[in-house]
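Here is how the chains run, residue by residue.
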Amino acid sequence: MENYRFLLFVDISFILMLGMSLSSIAANNDRKAKGEYLPTSNHHSILQQVIMGSSVADTLIRSYKRSFNGFAANLTEDEAKKLASMKEVVSIFPNRILHLHTTRSWDFMGFNNPVRGNPNIESNVIIGVIDTGIWPESPSFSDEGFGPAPKKWKGACRGGKNFTCNNKIIGARFYLSNGSARDEVGHGTHTASTAAGNEVKGASFFGLAQGTARGGVPSARIAVYKVCTADGCEDVDILAAFDDAIADGVDILTVSLGSNNQVDLFNDPIAIGSFHAMKKGILTLNSAGNDGGRGEFTVSSVAPWVISVAASTTDRKFIDNVVLGNGKTLTGFSVNSFSPRGIKLPIVYGRDVSRNCSELFSGLCYKSCLDRHLVEGKITLCDLLAGNLEAHHAGAAGSILLNGNNVDNVSFVMALPAVALNQKDYTMVKSYVNSAKRPVAEILKSETIKDLYSPVVAKFSSLGPNSIVPDILKPDITAPGVDILAAFSPIAPPSGLPGDNRHVKYNVISGTSMSCPHAAAVAAYVKTHHPAWSPSAIQSAIMTTAWPMDKSKNPHGEISYGSGHINPVKAIDPGLVYEAFEEDYIKLMCSLGYSPDNIKKVSGDNSSCPEISESVPARDLNYPSLTASLPANKSFTVTFHRTVKNVGFANSTYKAEVSPNPELKVEVVPDVLSFKALEERKSFNVTVSGRALDAVSRLSATLIWSDGRHVVRSPILVQALTLEP
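Just so it is clear, the model here is predicted, and its values are computed rather than measured.

Caption draft 1: Layout of the overall build of the protein. For the protein, the helix and strand inventory stands at 19 helices and 36 strands. For the protein, buried positions account for 61% of its 725 residues. Accessible surface, the protein: about 27,700 Å² in total, of which carbon and sulfur atoms supply 51%.

In structure tokens form, the structure reads like this:
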């Protein structure tokens, strides 16, 4: 019988009686030197009751007991069923593989040096990075000028062989078999430095994008939790990282990884881990995903207690030019660091230099399709952006590529001189190749230009709606995630391709993986100014102070960018905040029809649904955005109930304003909120009505509360949504 990996959580109420006495033991004795967990006697005894034909030592993978209680084990289906029936077991689910969502950006948002706060206060904030590890010797992580770790820090430096922490990287752990928290991929180094890297002057990618590289909160501390390789990240390791990070005492968690689809909250390790973090006052930020090319319903980060971050452009764009033998110069996209040699090289079309593939696959320059003897020293013409991989592998001297719609306006680091062209210009090159006797071209080195059209959500950035919690808008926010220069691992190929033997300290990467640490840095910045604020208050501040995005440039509207573009300068002074807490999220899951067992999978305890929850719709979660999913082809009237807390001026009066939409009638009652004290709360209702919506259509408006100084924005979205049962 085949064995599977299962994650199991035991009844937290039973374990809590042991947890207090075990906490100090857990910190010192629960781990082997290589980073694996040792079993508790309780986990050992539970497994002994069900395993057949193997020992506990061979079955148990890892125990979780620092911040929540459970373990991972290799089990047969029959063994898993037996465990699930035990009274002390809260939940059990299979282990999965998740994936990574892979300088100028801070200045683009107006977040430059004079704006930032007190470095001494900032250095008390700890950002936990759950990723591929870190390259500790990077100048971005030097601890020059840093004092000892904050007194609240309870973690450790267990980075493994040849890894040393300092007063900047104050903690490191790994959960993989390679024995080190050192980053061999570059992804984790890039995200960590984007969030909290030091200021490093003269940073560039082979002279491109030269300037000062820095994170959003360069004085903050970093704690690293290595859970991923280039091949992916296992649920079992992600949960272990959350378990440690919560107990270690991080303030903010940035998680640039996730599933390729939307899954129920009780099957999502990031939703589960972040729920436990939220209970301890820690806000988690998660990349929305890079599957926007597949269309709607692709955002993978859907939990309301997590900030889901989309990716958008900045005002810096990387371009590249190719000069054809007929004198025409065409402009495309790439990060091409190779200087031209002043000579034009022959162009060959993939279809004409293949001996073992169909015309379709050879034209795409598909894997193993190009004949090395026919392409060496030549520029290959490929009908697919990814054809660059095969061109490089086959020894081509360069490549001209067709840029797909889902990566338009995005430049990728190339392992050889290459340029990606739009359909019109690519067709022009094809015509030239077909008509010229000896078609030749020269690909120039990339350059950067000002992009006055930004910010625009990247086409690869995953889209809503949220099929798991349809009345919660996801993504929540967008942030810079296109062509981001940040620190990198010098042992990782900058293009990600085998055979790319260049070594760099800084690299240019795109993805929601890059936007997520931007948002995490802003959350940390808010935390420095308001250390006592709840995770939901910080989330609200970030969402309600966001820049409005231009719908004419972003045709998918709110389901692509949520509340708008992150605005770090305004986020520290939002005026009003919407707050939600553990019990509110439990009610939300009850309203979704989750069974008590499924709710326990998320909460880890015996939380139950109050009787009133049946009449409380999910849209009444006190969320900073207002979303209602409604039946198609029926006129509608829907009401949202919200409560705001005053964090601006003690004596203040806010007036409601709604952006006009001729197809919606929006009424706010009351439309004036008068506050007499800080932290005073006021409630209001928003009623939205309109005519029938066509299937899979949506309408939006914006609610603004303003006291003359603060502008508190919330998107209102009504959508006709038909979900499969």
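Let's pick the thread back up.
Caption draft 2: Spatial organisation of the sheet that holds strand β30 (residues 636–646). Taken together, the four strands give an open sheet; going across it, the order is β28-β30-β34-β32, and neighbouring strands pair in antiparallel fashion. Strands with a single pairing partner mark the edges of an open sheet, and in this sheet they are β28 (576–578) and β32 (665–669). Neighbour-to-neighbour, the strand axes of this sheet turn through a mean angle of 35°, independent of strand direction. Where β32 meets strand β34 (residues 681–690), five bridges bridge the pair, whose relative direction is antiparallel. Within β34, the position partnered with Val668 by the bridge is Val686.

Caption draft 3: Seen up close, a nonpolar patch on the surface. Judged by side-chain polarity, Leu360, Phe361 and Tyr366 come together as a nonpolar surface patch covering roughly 310 Å² of accessible area. Along the chain, Leu360 falls in helix α10 (residues 359–363).

Caption draft 4: Representation of the packing of aromatic side chains in the model. Under the defined criterion, the tally for this structure stands at eight aromatic pairs. Taken together, a centroid distance of 5.0 Å and an interplanar angle of 85° make the contact between Phe205 and Phe206 edge-to-face. Using a relative accessible area of 0% as the deciding quantity, one classes Phe205 as buried. You can call Phe206 partly exposed: its relative accessible area is 36%. Between the aromatic rings of Tyr578 and Phe684, the centroid separation amounts to 6.5 Å while the plane-to-plane angle is 70°, which identifies the pairing as edge-to-face. Linking Tyr578 in strand β28 with Phe684 in strand β34, this pair joins segments that are 106 residues apart in sequence. Three or more aromatic residues link up through ring pairs in this structure, and these residues are Phe275, Trp305 and Tyr585. Here the basic side chain of Arg182 rests over the ring of Trp135, its NZ or CZ set 4.5 Å away from the ring centre. A cation over a ring is seen here: Lys553 above Tyr453, with NZ or CZ 4.7 Å from the ring centre.

Caption draft 5: Looking closely at the packing of helix α9 (residues 269–279) against helix α18 (residues 582–591). Contact geometry for α9 and α18: axes closest at 10 Å, N-to-C directions at 145°. Seen from α9, the contacting residues are Phe275, Met278 and Lys279; seen from α18, they are Glu582, Tyr585, Ile586 and Met589. Partitioning the contact of α9 with α18 into residue classes produces five nonpolar, no polar and two charged.

Caption draft 6: A look at the pattern of salt bridges. For the structure on display, the rule yields 21 salt bridges. Asp251 is paired through a salt bridge with Lys152; the nearest N and O atoms lie 2.7 Å apart. Within this pair, whereas Asp251 is found in the loop between α8 (235–248) and β13 (252–255), its partner Lys152 is found in the loop between β6 (126–131) and β7 (169–174), the two being separated by 99 residues in sequence. Given a relative accessible area of 29%, Lys152 falls into the partly exposed group. Put simply, Lys682 and Glu680 hold a salt bridge, and the shortest N to O gap is 3.5 Å. Residue class for Lys682 comes out partly exposed when judged on its relative accessible area of 28%.

Caption draft 7: How the structure looks around the packing of α18 against helix α19 (residues 596–603). At a minimum axis distance of 10 Å, the contact between α18 and α19 shows a crossing angle of 145°. Of the two possible hands of crossing, α18 and α19 adopt the one that is right-handed. Residues Ile586, Met589 and Cys590 of α18 lie in contact with α19, whose contacting residues are Ile599, Val602 and Ser603. By residue class, the composition of the contact of α18 with α19 is five nonpolar, one polar and no charged.

Caption draft 8: Just the state of the cysteines, in detail. Under the counting rule described, the total for this entry stands at five disulfides. Through a disulfide, Cys157 is tied to Cys165; the S-S separation comes to 2.1 Å. With the S-S dihedral at roughly 85°, the linkage between Cys157 and Cys165 falls on the right-handed side. Note that Cys357 is cross-linked by a disulfide to Cys369, the S-S spacing being 2.1 Å. Disulfide Cys357-Cys369: torsion about the S-S bond near -90°, hence left-handed. Of this pair, Cys357 sits in the loop between β19 (345–349) and α10 while Cys369 sits in the loop between α10 and α11 (372–375), and the two are 12 residues apart along the sequence. We classify Cys357 as partly exposed; its relative accessible area is 27%. Here the protein pairs its bonded cysteines, counted in sequence order, in the arrangement 1-2, 3-4, 5-7, 6-8, 9-10.

Caption draft 9: Up close: unusual backbone geometry. Residues Ser454 and Pro455 are joined by a peptide bond in cis, for which omega reads 0°. For Pro455, the location among the structural elements is in the loop between β24 (447–450) and β25 (477–480). Each neighbour pair has its own omega, and for Val669 with Pro670 the value is -10°, a cis peptide bond. Along the chain, Pro670 falls in the loop between β32 and β33 (672–675). For Glu679, which is not glycine, the phi torsion reads 65° and is therefore positive. By the secondary structure assignment, Glu679 is in the loop between β33 and β34. Among the residues examined, Glu679 registers a relative accessible area of 55% and is labelled exposed.

Parameters and conventions
Residues numbered from 1 in each chain as written. Predicted model: local features only at pLDDT ≥ 70, side-chain atom pairs only at ≥ 80, totals over all residues. Heavy atoms only, no water. Helix = DSSP H or I, 4+ residues; strand = E, 2+ residues; numbered from the N terminus. Buried < 20%, exposed > 50% of the residue type's maximum accessible area, 1.4 Å probe, protein only. Areas by Shrake-Rupley, 256 points an atom, 1.4 Å probe, with all protein chains shown as cover. Pairing = 2+ DSSP bridges. Axes fitted to C-alpha atoms, helices over the stretch in contact; angles between N-to-C directions. Patch = residues over 30% accessible without salt bridge, like charges linked within 9 Å, V, L, I, M, F, W, Y side chains within 5 Å. Salt bridge = Lys/Arg side-chain N within 4 Å of Asp/Glu carboxyl O. Phe/Tyr/Trp six-rings, centres within 6.5 Å; stacked < 30°, edge-to-face > 60°. Lys NZ or Arg CZ within 6 Å of the ring centre and 35° of its normal. Contact = heavy atoms within 4.5 Å. Nonpolar A, V, L, I, M, F, W, Y, C, P; charged D, E, K, R; others polar. Left-handed = near helix turned anticlockwise from the far one by under 90°. Disulfide = S-S within 2.5 Å.

Honestly, that's just the spatial picture; any functional story needs more than this.
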